[in-house]
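Geometric and topological summary
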Amino acid sequence: MDDVTKAVELSAGAPATVGTVTGTKTGLERKAGLFRRFPTIAHLRRRAPRHAPRFAFEYMDGGAGEDTCIRRNWAALDSVELVPRYGITTELPPVDIDLFGRRYAAPIGVAPMGGPSIVWPGADEFLAAAAQKARVPYVLGTVGGATIETAATIAPDVLWFQLYRLARNDHAVGFDLVRRADAAGAHVLMLTIDVPVRTTRAREVAAGVTTPFSPDLPMLWGIASSPGWLWSMLRNGIPRFANLRAYVGRNAGIAEVAEFARREVKGAFTWDEIARYRDRWKRPLVLKGIMHPDDAEKAVALGVDGIIVSNHGGRQVEALPAAIDALPAVVARVAGRATVMMDSGIRSGADVARALALGAQATFAGKAFLWGLGALGRRGPSHVIDLLTEETQAALGQIGARSPAEARNIVVRHPGALRF
Ligand SMILES: Cc1cc2nc3c(=O)[nH]c(=O)nc-3n(C[C@H](O)[C@H](O)[C@H](O)COP(=O)(O)O)c2cc1C
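Presented here is a report on the structure given in the accompanying data block. (Residues numbered from 1 in each chain as written. Predicted model: local features only at pLDDT ≥ 70, side-chain atom pairs only at ≥ 80, totals over all residues. Heavy atoms only, no water.)

1. With respect to the pairing of strand β9 (residues 306-309)
The test is simple: Whether a residue is buried, partly exposed or exposed follows from its accessible area with a 1.4 Å probe, protein chains only, as a fraction of its type maximum: under 20%, in between, or over 50%, in that order. By the criteria applied, helices consist of DSSP H or I runs no shorter than four residues and strands consist of E runs no shorter than two, each listed in order from the N terminus. Here the rule is simple: two strands pair whenever DSSP picks up at least two bridges between them. By convention, orient the strands away from the viewer: a clockwise path from the first strand over the helix to the second makes the crossover right-handed.
The side-chain alternation of β9 yields two buried faces, one formed by Gly-306 and Ile-308 and the other by Ile-307 and Val-309. Sheet topology note: the strand β8 (residues 285-290)/β9 ladder contains four bridges and is parallel. Across the sheet, Ile-290 pairs through a bridge with Val-309, a residue of β9. Once the chain exits β8 it traverses helix α15 (residues 293-301) before rejoining the sheet at β9, and the crossover so formed is right-handed. For β9 and strand β10 (residues 339-342), the ladder comprises four bridges, and the chain directions are parallel. Across the sheet, Gly-306 pairs through a bridge with Thr-339, a residue of β10.

2. Considering the packing of aromatic side chains
Put simply, the rule is: Pairing of aromatic rings covers Phe, Tyr and Trp, the last counted by its six-membered ring, and requires centre-to-centre distances within 6.5 Å; plane angles under 30 degrees mean stacked, over 60 mean edge-to-face, and any other angle means tilted.
Tallied over the full model, the rule gives nine aromatic pairs. With a centroid separation of 5.8 Å and an interplanar angle of 45°, the aromatic rings of Phe-55 and Phe-213 are classed as tilted. With a gap of 158 residues between them, Phe-55 in helix α4 (residues 54-61) and Phe-213 in the loop between α10 (202-206) and α11 (217-224) connect regions that are remote in the sequence. Accessibility assignment for this pair places Phe-55 and Phe-213 in one class, buried. With a centroid separation of 5.3 Å and an interplanar angle of 75°, the aromatic rings of Phe-269 and Tyr-277 are classed as edge-to-face.

3. Some points on empty space enclosed by the protein
Note the cut-off: Cavities and pockets were defined on a 1 Å grid built from protein atoms only: a cavity is a group of points that admits a 1.4 Å probe but offers it no way out, a pocket is an open group of points flanked by protein on both sides within 12 Å along at least five of seven lines, and a lining residue is one with an atom within 4 Å of any such point. Grid points are joined across faces, edges and corners, and a volume is the space filled by probe spheres set on the points.
Counting across every chain of the model gives two cavities of 30 Å³ or more. Its boundaries defined by the atoms lining it, the largest cavity holds a volume of some 40 Å³. Along the walls of the largest cavity sit Val-110, Ala-111, Met-113, Pro-116, Asp-124, Leu-127, Tyr-138, Val-139, Leu-140 and Gly-141, which together make up its complete lining. Going through the elements one at a time, α7 (123-134) and β5 (138-140) are the ones with two or more residues in the lining of the largest cavity.

4. Things to note about the pattern of salt bridges
Our working definition: Salt bridges are defined by distance alone: a side-chain nitrogen of Lys or Arg within 4 Å of a carboxyl oxygen of Asp or Glu.
Scanning the entire structure with this criterion turns up 28 salt bridges. Here Arg-263 ties to Glu-264 by a salt bridge, and the two come within 3.2 Å at their closest N and O atoms. A relative accessible area of 39% places Arg-263 in the partly exposed class. Put simply, Glu-406 and Arg-402 hold a salt bridge, and the shortest N to O gap is 2.9 Å. For Arg-402, a relative accessible area of 46% gives the class partly exposed.

5. Regarding a positive patch on the surface
Note the following rule: Candidates for patches are residues over 30% relative accessible area with no salt bridge; among them, like charges are joined within 9 Å and nonpolar side chains (Val, Leu, Ile, Met, Phe, Trp, Tyr) within 5 Å. For every accessible area listed, the method is Shrake-Rupley and the probe measures 1.4 Å; residues are considered covered only by the protein chains on display. Neither His nor the chain ends is counted toward charge; the positive residues are Lys and Arg and the negative residues Asp and Glu. Charge coordinates come from a single atom per side chain, which is NZ of Lys, CZ of Arg, CG of Asp or CD of Glu.
A cluster of basic side chains, namely Arg-30, Arg-37, Lys-133 and Arg-379, defines a positive patch on the protein surface. Mapped onto the elements, Arg-37 comes out in helix α2 (residues 25-37).

6. Regarding the site of the ligand
Under the convention used in this document: Whether a residue is near a molecule or strand depends on its heavy atoms: if one lies within 4 Å, it is near. Side-chain atoms alone can form a polar contact between residues adjacent in sequence; in general such a contact is a pair of N or O atoms within 3.5 Å, and within protein one must be able to donate a hydrogen while the other accepts it. Each residue is assigned to one of three groups, with Ala, Val, Leu, Ile, Met, Phe, Trp, Tyr, Cys and Pro labelled nonpolar, Asp, Glu, Lys and Arg labelled charged, and all others, Gly among them, labelled polar.
Close to the ligand lie 21 residues, the nearest being Pro-112, Thr-192, Asp-343, Gly-345 and Gly-366. Here an oxygen atom of the ligand and a backbone polar atom of Lys-367 are 2.9 Å apart. Of the residues assigned to the shell around the ligand, the class counts are eight nonpolar, nine polar and four charged.

7. What to know about the packing of helix α17 (residues 349-357) against helix α19 (residues 380-399)
Helix-helix packing is described using two parameters, namely the angle between the two axes and the distance between the axes. Applicable threshold: Working convention: axes come from line fits to C-alpha atoms, limited for helices to the stretch in contact. Angles between N-to-C directions cover 0 to 180 degrees. Comment on the angle field: the value is read as roughly parallel under 35 degrees, roughly antiparallel over 145, roughly perpendicular from 65 to 115, and oblique elsewhere. A crossing counts as left-handed when the near helix is turned anticlockwise from the far one by less than a right angle, and as right-handed when that turn is clockwise. The contact criterion used throughout is that any non-hydrogen atoms of two residues lie within 4.5 Å.
Contact pair α17 / α19: the axes reach a minimum separation of 7 Å and the direction vectors enclose 55°. In terms of orientation, α17 and α19 fall into the oblique class. By crossing handedness, the relation of α17 to α19 is classed as right-handed. Residue-level contacts link Gly-349, Ala-350, Val-352, Ala-353 and Leu-356 of α17 to Leu-388, Glu-391, Thr-392, Ala-395 and Leu-396 of α19. Split by residue class, the contact of α17 with α19 holds seven nonpolar, two polar and one charged.

8. Remarks on helix α16 (residues 323-334)
Stated formally: Helices are assigned an expected span. That span is 1.5 Å times one less than the residue count.
Between its first and last C-alpha atoms α16 spans 16 Å; for 12 residues at 1.5 Å apiece the expected length is 16 Å, and the two agree. Most of α16 sits inside the fold, with nine of its 12 residues counted as buried. Taken together, the buried positions of α16 are occupied by Ala-323, Ile-324, Asp-325, Ala-326, Leu-327, Ala-329, Val-330, Val-331 and Val-334. Packing partners of the buried residues in α16 comprise α5 (68-79), β8, α15, β9, β10 and α17. Positive backbone phi, at 50°, marks Ala-335, one or two positions downstream of α16.

9. Some details on the side chain of Arg-354
With respect to the element layout, Arg-354 can be found in helix α17. Within the structure, Arg-354 has its side chain in polar contact with the backbone oxygen of Val-80 (distance 2.9 Å). Excluding its chain neighbours within four sequence positions, the residues that come into contact with Arg-354 are Leu-77, Asp-78, Val-80 and Leu-82.

10. Some points on helix α18 (residues 367-376)
The element α18 is extensively covered by neighbouring structure, given that 10 of its 10 residues are classed as buried. What α18 keeps buried is the set Lys-367, Ala-368, Phe-369, Leu-370, Trp-371, Gly-372, Leu-373, Gly-374, Ala-375 and Leu-376. Where α18 ends, the next residue or the one after it, Gly-377, has phi of about 65°, a positive value.

That's the geometry; what it means functionally is another story.
Laid out in structure tokens, this is it:
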């Protein structure tokens with residue numbers, strides 16, 4: 001099978017808005033080439049440390065402690081088995097979904113990330129553009145490298161905004177960021193509640209990654225050895241906290257803004273504070289980082305529209321359970337009163353299908369996108385979306401689900417499911 005035929009075959013049945021296929025031979029050939037060199041997300045992860053500087057890989061790939069929680073997320077997802085039913089479908093199913101009244105092309109979104117431009121300068125813009133092109137949710141982080149206003153021009157149809165707690169002066173900055181997100185047209189506000197205290201990640205520290213970004217000699221050597229990264233930095237500038245600059249001063253330097261972020265972004269929202277944000281934000285509100293059904297219950301009681309079951313991708317504390325293991329109990333407690341989504345450990349369409357089968361309405365990925373950026377630079381995010389979308393279609397088709405929602409009818413073996 002030649003590459004172009006393979007690309008067409010891989011894309012067969014994909015919604016028209018999905019992927020990088022442009023209809024021109026060049027687009028197909030490009031896509032086919034990527035599929036052959038990087039047929040899975042694992043291939044992107046293997047390539048990333050050789051294409052991006054080593055410190056960038058340690059930043060994107062490392063978790064809390066000895067990465068135990070990252071491995072637990074993966075092992076728990078691997079352990080979930082789906083029992084297929086046959087004779088139901090003869091085609092790849094559509095995977096588009098409705099979230100908060102908007103149609104998205106796949107049940108996969110770009111999770112909010114601080115500092116993706118350490119992984120690849122310009123990453124925030126590349127992620128936003130890929131998500132807009134594919135029509136999947138893109139969540140800009142408070143400490144991302146692009147402003148809300150810039151992200152809104154790149155990804156007007158798919159932009160969500162994630163907020164960390166900035167509580168000084170009665171949440172003056174937090175509330176202003178919400179006002180800006182509203183003015184820019186962000187569809188969803190996502191409050192991250194799972195960073196009550198600051199923690200460190202050993203691999204990041206050992207690699208010399210600091211805030212503000214100030215490379216030491218080994219890091220400079222890494223940059224010199226990665227011409228693609230260096231070129232992207234020359235074009236897009238060095239990593240910075242773009243959204244916070246407005247609160248430090250028009251002429252504030254990168255170091256001052258970083259110091260402001262270190263000082264002001266602090267703690268996790270209390271339930272009272274969440275209620276105040278609920279009052280201000282009239283569009284859909286999502287809480288990210290719920291792991292206990294009682295917290296899900298509190299969220300629902302406050303009128304929250306959505307919940308992301310997440311352990312922050314294993315980056316906070318290694319002792320946490322896998323997010324997929326907490327998912328069924330949260331879904332059961334919420335019982336349709338809010339939209340339940342999940343992240344932490346998603347590396348394939350089979351993982352997406354597992355989460356859907358256990359009741360998630362959508363999934364998000366963080367590291368998978370960073371590995372794509374590390375391996376392929378600006379072309380990485382689109383390839384990750386293509387892989388996850390097409391693998392999800394294949395996994396759903398294979399188990400006999402004709403849509404993401406039908407995955408819930410599948411019989412699942414889930415040995416690690418938490419009981420509360
Ligand atoms: C480098 C990096 C930075 C992150 N920064 C943030 C952040 O600023 N805000 C946030 O809510 N979550 C952040 N997260 C967590 C992600 O939103 C998401 O929960 C996690 O990456 C999902 O797990 P996965 O990486 O296994 O897909 C970050 C994750 C990574 C890998």
